[in-house]
Amino acid sequence: MMTATTKLSELFSARHDGAAQPSAPYDVTLILIALALMSIGVIIVTSASMPVADRLHDNPFYFAIRHGIYIVAAVVAAMVVLQLPMQFWRMTNPYLLLAAIGLLVAVLLIGRTVNGSTRWLAIGPITVQAAEPAKLFFFAYLAGYLVRRYEEVTENLKGFIKPLVVFFVLAMLLLLQPDLGTVVVMFATTIGLLFLAGARLWQFFALVFVGVLAVVALIVFEEYRLKRVTSFLDPWADPFGAGYQLTQSLMAYGRGNWFGQGLGNSLQKLEFLPEAHTDFVMAILAEELGFVGVLAVLGLILWMVLRALNIGNKALEKGRAFDGYLAYSIGIWFSFQTAVNIGASAGILPTKGLTLPLVSYGGSSLIVMSVAVAILLRIDFELRVDGVQALGRGDSKGEHKKASVKKRSKKANSATPVTDNEHSFDNATVAEKPATKAPSPEDEGKAGIKAILARVAEEADNG
């Protein structure tokens, strides 16, 4: 019988002591995916930017060095954000929305104009693209709004319209830059998050319909956007004019074939393809690494998006609605921006100036998206340690609990006469249960196993 008692004790320890700590505090898979995408970005940006960097700055590694500095800054920013509890984002998301509006207004007033677009704020030697942090701040606000006004969003039209008004204000500021690509990404993420939050289907489809009409109107009434669409429909009609960039990108994809021309052997990067290291970096990757390389990058981004959605599901299951909605929005954001970037370079969508997440050259985009990955890691971290922290808080009052248990046990024993060992054990068990708090399923399981061990030990002693 003592052998049976020992085995039960070992099982009890393995179940409760061994499972108390998770295998890793952070999602290692998500970290490796982000580092892999950054590494691919360094290689491809270096290869694609050497000719233009040599002509403009007499240094073929000029953009590669700057991209390396951006990666270091992105990693540092991600490590800082990783230390912030999610409570910070829950409490400050309305103020972050005000900061986003302030950044977009500041760009229009004192921003730097490049290629006809005013999108950048120059802060000394640092240039910030205000639309990038504005996207993250707006998604944090939207997640907070869905938590605060969940019933309004799902039950009446007023609650559904309020976040769209905020989006409309941001969209107008972005269109004044102009930056239609960011507006489209934010709109897609907004309707996706509202749909996942439980908005009524007729509201959802009405929003999609109105949004499509608005985008079509913006394209039709702006000449340069209309030219982009017409050149997208038939780029070979004007291969040296409006369709030049897309035809050169398609040539890069065609030369790539299955396994590419080899790293560094791209011809289109020799200043045939404009913006080869920024918006069209995927075309150079396709030319040098082929279909296999493109598929690898798409697989990594898809894996990251699925991890984000999975983290969002877990957060909602554990009652962390804000964390879940924010994780959802990051996943939708990454997936849709990837689709727009690759679709534009492959001729599937009209040309838009959006970066490829964690791969393209661009400091603001790289830093903000690294921060978004850090937020995902923080959400996952808090989900992993939630139960462990609860147990730790319970154990910190050990001596006080022991004293209170002894007092309650004495009162129970004095009030109820003990006739045999079994009744004594039952009384002690009842006395040890807190009077003001219902026991958790884990506590009940532990108490049950302890009862079995005590009875087995008692029978062994009697035998």
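Residues numbered from 1 in each chain as written. Predicted model: local features only at pLDDT ≥ 70, side-chain atom pairs only at ≥ 80, totals over all residues. Heavy atoms only, no water.

Caption draft 1: Focus on the overall build of the chain. When helices and strands are tallied, the chain shows 17 helices and three strands. Counting across all 463 residues of the chain, residues that qualify as buried make up 44%. Within the chain, counting contacts between residues at least 6 apart in sequence, those at least 24 apart form 71% of the total. Roughly 23,600 Å² of accessible area belongs to the chain as shown, and the carbon and sulfur atoms make up 66% of that amount. (Helix = DSSP H or I, 4+ residues; strand = E, 2+ residues; numbered from the N terminus. Buried < 20%, exposed > 50% of the residue type's maximum accessible area, 1.4 Å probe, protein only. Contact = heavy atoms within 4.5 Å. Areas by Shrake-Rupley, 256 points an atom, 1.4 Å probe, with all protein chains shown as cover.)

Caption draft 2: Spatial organisation of the nonpolar core. Core analysis: the biggest nonpolar cluster contains 102 residues, and Leu37, Phe138, Met304, Trp333, Phe334, Leu358 and Ile375 have the highest contact counts within it. Excluding residues within four positions of it along the chain, Phe138 makes contact with Leu97, Pro163, Val166, Phe167, Leu170, Met186 and Thr190. Counting residues in hydrophobic clusters, the runner-up holds seven residues, among them Ala252, Ala276, Ala283 and Ile284. (Core = buried A, V, L, I, M, F, W, Y, C linked by side-chain atoms within 4.5 Å.)

Caption draft 3: Local environment of the side chain of Gln337. Tracing the chain through its elements places Gln337 in helix H13 (residues 321–345). A relative accessible area of 0% places Gln337 in the buried class.

Caption draft 4: Geometry of the packing of helix H7 (residues 157–175) against helix H9 (residues 201–220). Here H7 crosses H9 at 15°, and the two axes come no closer than 12 Å. Comparing the axis directions of H7 and H9 gives the class roughly parallel. As for the relative orientation of H7 and H9, their crossing is right-handed in sense. Residues Leu157, Phe160, Leu164 and Leu175 of H7 touch H9, and the partners they reach there are Trp202, Gln203, Phe204, Leu207 and Leu218. Of the residues belonging to the contact of H7 with H9, the class tally is eight nonpolar, one polar and no charged. (Axes fitted to C-alpha atoms, helices over the stretch in contact; angles between N-to-C directions. Parallel < 35°, antiparallel > 145°, perpendicular 65-115°, else oblique. Left-handed = near helix turned anticlockwise from the far one by under 90°. Nonpolar A, V, L, I, M, F, W, Y, C, P; charged D, E, K, R; others polar.)

Caption draft 5: Main features of the packing of aromatic side chains. Evaluated as defined, the whole model comprises twelve aromatic pairs. A centroid spacing of 5.8 Å and a plane angle of 40° characterise the contact between Phe167 and Phe187, whose relative ring orientation is tilted. Remark: Phe187 occurs in helix H8 (residues 180–197) and Phe167 occurs in helix H7; sequence separation between them is 20 residues. For the pair Trp333 and Phe334, a centre-to-centre distance of 5.5 Å together with 85° between the ring planes defines the contact as edge-to-face. Like Phe334, Trp333 is buried. Taken together, Phe138, Phe139, Phe167, Phe187, Trp333 and Phe334 form an aromatic cluster joined through their ring pairs. (Phe/Tyr/Trp six-rings, centres within 6.5 Å; stacked < 30°, edge-to-face > 60°.)

Caption draft 6: Fine view of the side chain of Asp323. Following the sequence through the fold, Asp323 ends up in helix H13. A relative accessible area of 0% means that Asp323 is categorised as buried.

Caption draft 7: Main features of the pairing of strand S2 (residues 117–123). Inspection of the sheet shows strand S1 (residues 112–114) paired to S2 by three bridges, in the antiparallel sense. If you follow Arg112 over to S2, its bridge partner there is Trp120. As judged from the four bridges shared by S2 and strand S3 (residues 126–129), these two strands associate in the antiparallel manner. Bridge pairing links Ile123 to Ile126 in S3. (Pairing = 2+ DSSP bridges.)

Caption draft 8: Broad picture of the confidence of the model for the chain. Put simply, the chain has an average pLDDT of 79, and 77% of its residues get 70 or more. Below a pLDDT of 50 lies the segment residues 390–436, which in the model reaches 18 contacts outside its immediate sequence neighbourhood of four places, other chains included. (pLDDT = per-residue confidence, 0-100.)

Caption draft 9: Representation of the sheet that holds S2. Spatially, three strands are ordered S1-S2-S3 in an open sheet, and the strand pairing comes out antiparallel. Each end of this open sheet is capped by a strand with a single partner; those strands are S1 and S3. Averaged over neighbouring strand pairs, the angle between their axes works out to 45° when direction is ignored.

Caption draft 10: Seen up close, the pattern of salt bridges. What the rule picks out here adds up to ten salt bridges. With a shortest N-O distance of 2.5 Å, Asp380 and Arg384 are connected by a salt bridge. Here Asp380 pairs with Arg384, and both are found in helix H14 (residues 363–395), just four residues apart, close to one helical turn. Using a relative accessible area of 27% as the deciding quantity, one classes Arg384 as partly exposed. Connected through shared salt-bridge partners, Arg90, Arg320, Asp323, Arg378 and Glu382 make up one network. (Salt bridge = Lys/Arg side-chain N within 4 Å of Asp/Glu carboxyl O.)

Caption draft 11: Local environment of empty space enclosed by the protein. Under the definition given, this model contains one cavity of 30 Å³ or more. Its boundaries defined by the atoms lining it, the largest cavity holds a volume of some 30 Å³. Contributing to the lining of the largest cavity are Met304, Val305, Ala308, Ile330, Phe334 and Leu376. Counting residues per element, the ones that place at least two in the lining of the largest cavity are helix H12 (281–317) and H13. The biggest single contributor to the lining of the largest cavity is H12, with three residues. The class makeup of the residues in the lining of the largest cavity is six nonpolar, no polar and no charged. (1 Å grid on protein atoms, 1.4 Å probe; cavity = no way out; pocket = protein on both sides within 12 Å on 5 of 7 lines; lining within 4 Å. Points joined across faces, edges and corners; volume = space filled by probe spheres on them.)

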